[in-house]
Structures are given as C-alpha cells and as structure tokens.
Amino acid sequence: MPEPGSKTSVLPGLSLGTVITIGTFDGVHVGHRDLLARAVSRASACSLPSLLVTFEPHPLEVLNPPAAPLLLSTTPEKLESIAESGLAYVAVLPFTPALAALDATEFVERILLERFCLRELVIGYDHGFGRRRSGDINVLRSLGERHGFNVGVVAAVSGDGLPVSSSAIRRAVSYGDLTGAQRLLGRRYSISGRVIRGNERGRLLGFPTLNIALTSQRKLLPPPGVYAVFAQSALGSFGGMMNLGPRPTFGDSTLSLEVHLFDAAGDWYGVPVRVEFVQRLRETMRFESPDALVAQLRADERSARGALTQVKA
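For clarity, every value in this text was computed on a predicted model and none was experimentally measured.

### Some remarks on the overall build of the protein chain
So, point 1. When you go through the protein chain residue by residue, the secondary structure sums to 10 helices and 13 strands.
So, point 2. If one aligns the C-alpha atoms of the protein chain with their principal axes, the spans along those axes are about 75 × 35 × 35 Å.
So, point 3. Looking at the protein chain as a whole, 49% of its 313 residues are labelled buried.
So, point 4. Considering only residue pairs separated by 6 or more positions, the protein chain has 72% of its internal contacts joining residues 24 or more positions apart.
So, point 5. A total of about 15000 Å² of accessible surface is found on the protein chain, and carbon and sulfur atoms cover 51% of it.
So, point 6. Counting 33 positive and 29 negative side-chain charges, the protein chain places the averaged centre of each group 1 Å from the other.

### Regarding the environment of leucine 48
So, point 1. As for its position among the elements, leucine 48 is in the loop between α1 (30-46) and β2 (50-56).
So, point 2. Look at leucine 48 and you get buried, because its relative accessible area is 16%.
So, point 3. Sequence separation between leucine 48 and alanine 88 is 40 residues; the distance between their C-alpha atoms is 9.5 Å.
So, point 4. Among residues more than four places away in sequence, those in contact with leucine 48 are Leu16, Gly17, Thr18, Val19, Ala43 and Arg119.

Thresholds applied
Residues numbered from 1 in each chain as written. Predicted model: local features only at pLDDT ≥ 70, side-chain atom pairs only at ≥ 80, totals over all residues. Heavy atoms only, no water. Helix = DSSP H or I, 4+ residues; strand = E, 2+ residues; numbered from the N terminus. Buried < 20%, exposed > 50% of the residue type's maximum accessible area, 1.4 Å probe, protein only. Contact = heavy atoms within 4.5 Å. Areas by Shrake-Rupley, 256 points an atom, 1.4 Å probe, with all protein chains shown as cover. Lys, Arg positive; Asp, Glu negative; His and termini not counted. Charge placed at Lys NZ, Arg CZ, Asp CG, Glu CD.

The structure is reproduced here in structure tokens:
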C-alpha cells in the first residue's frame, strides 16, 4: 500500500494527509466537543486538515433496528453543531451492511487510508469500530505502526462524576430533565423543523401558533407538556411557549408541536426553525371549554415569560 502522503483522496486538499476522528457523535455533547477540539488542535500542530468521519443512519438502525435509539441530533442538526468546532471537513458515510461487514483492518485500510489519507487518528478512550467493534485502541496502534499513522487517545469528559455519553443525555431528555441534558450537551436541548399550515385554532383563541414538522421522525422528544422555549430562525430569535403532545380539549390525540411566539409577526410558513427547550411549565390537559383553555394559556404565557427572563436567548 502506498505511503499516506502519496494517496489521492476523494476530497480536495487531503492528499498530503489528514488528522481524523471518527464516530456517530449523536448530540455533539461536551465530550464530543472536547474530542473535536483536540483533533483540530493536532491538525493545526501538524499543518494538516482535520476530518470527522461519521455515519448516516445510526449504525444500530442497520445492525439491530429494535435496539436503535431515538436521536439526540438529526444529521442536519449534527452538522450545524459540528460547524462551530473549527473542523475542516466532515465525511458522512452511508452506514450499509457492506460497511458494517468490514473489520477494523479493512476499515482503516480501505476507508481511512485509501479514501481520506489518514496520518493521525484522534479517538476517545472507549472507542471501537469495525465489525463487532474490533478496532480498539490496541488494534489501532498496531495498525498505526504498520501503516505509519499516529493514534492519540482522549480521556473521558465527566459529568456528575460519570463519563458524558449520548445514552446519559437520552435518559435525561426522556425523563424531562432539561437541566441535566443541558449540562451534558453544553447547550439547551432543541428540535428542528419547518413551519407548516395547521388548523389555525390557536389564532381563533388569540394565541396563534407555528406548527412544526420535524426533520426526522426518529428525533427524541421530551415528555408531552407545555414548555417555555426559544425559537431561532432566519426571521430572528424569539421567546415563546410550546405545546408538545395531543390537544385533548378538542379531541385530538395526535402528537403536535405548536409554538406561540412572543412579540413576533410575519409569514412563517415554510421557514426552518430551531426550538430550544428552556423549562417545562405543566402537563397537557383537557379543559371544559375554550374559555377555560384561554385562561390557562394566559397563565402559561406569564409563567413562560418569567422563565425566559432568567436565562439568555
């Protein structure tokens, strides 16, 4: 096999070699950000471009679909978060049965070396890839000696005394622990979607809402309820409140995401929006009349505005 510096990459500007990190990076949490920062730092020290190799879909969706977790970040959300890291390149590999069948040696030689001109690999302390996660640190260091690339191992980042992990954040979000999830993520948990037309029932009640269609049905949502939120879009940043869940007062049991923005106007249809969860205000509930619902919505607005004044947009 040719030396790393003599390869022809599938990406421009990588032929002299790359500093690579690799993984699913679901959520791009504080541990992931530390790993990316170290890869970027090593790339700068080596005068080489940095590259993240990640996958779509989540590997368990191919290897064991019943065990595949709901996602903390869809691929567009993940790429948006990664863009803040200073990383030079991101390669999103389709995770297929053929890719899953590669053992660690095949993956390193055929993907990392041949396609992406690996010169240095920066990985987490517990990383493993290739068939049956056979590519542990010892295997990778042996391959590095054989092919002339370095392997750097990054220690865990701790949160609440335990290593930060996507699994821990999923548990926090699932139980509605927004503060815990924010601490491990390094930012508020959020969802992204596009504004679609609804039945305009909120407008008739005096609380017009944006109906959000998620970018992926595999996105993990916190428990149903009414939340204080921030909405970020090309039209600006606004505080608001969101109903996540059914609308029992009107006999509608389908899941909906309806955001009422404070002090906002204009045509939002078709606009991409990121909604950040700030605080859960109450459970969804059935009201005896629209008037009773409106009275509660007015109380919710006061609570939401109060919660939003305590944090930064």
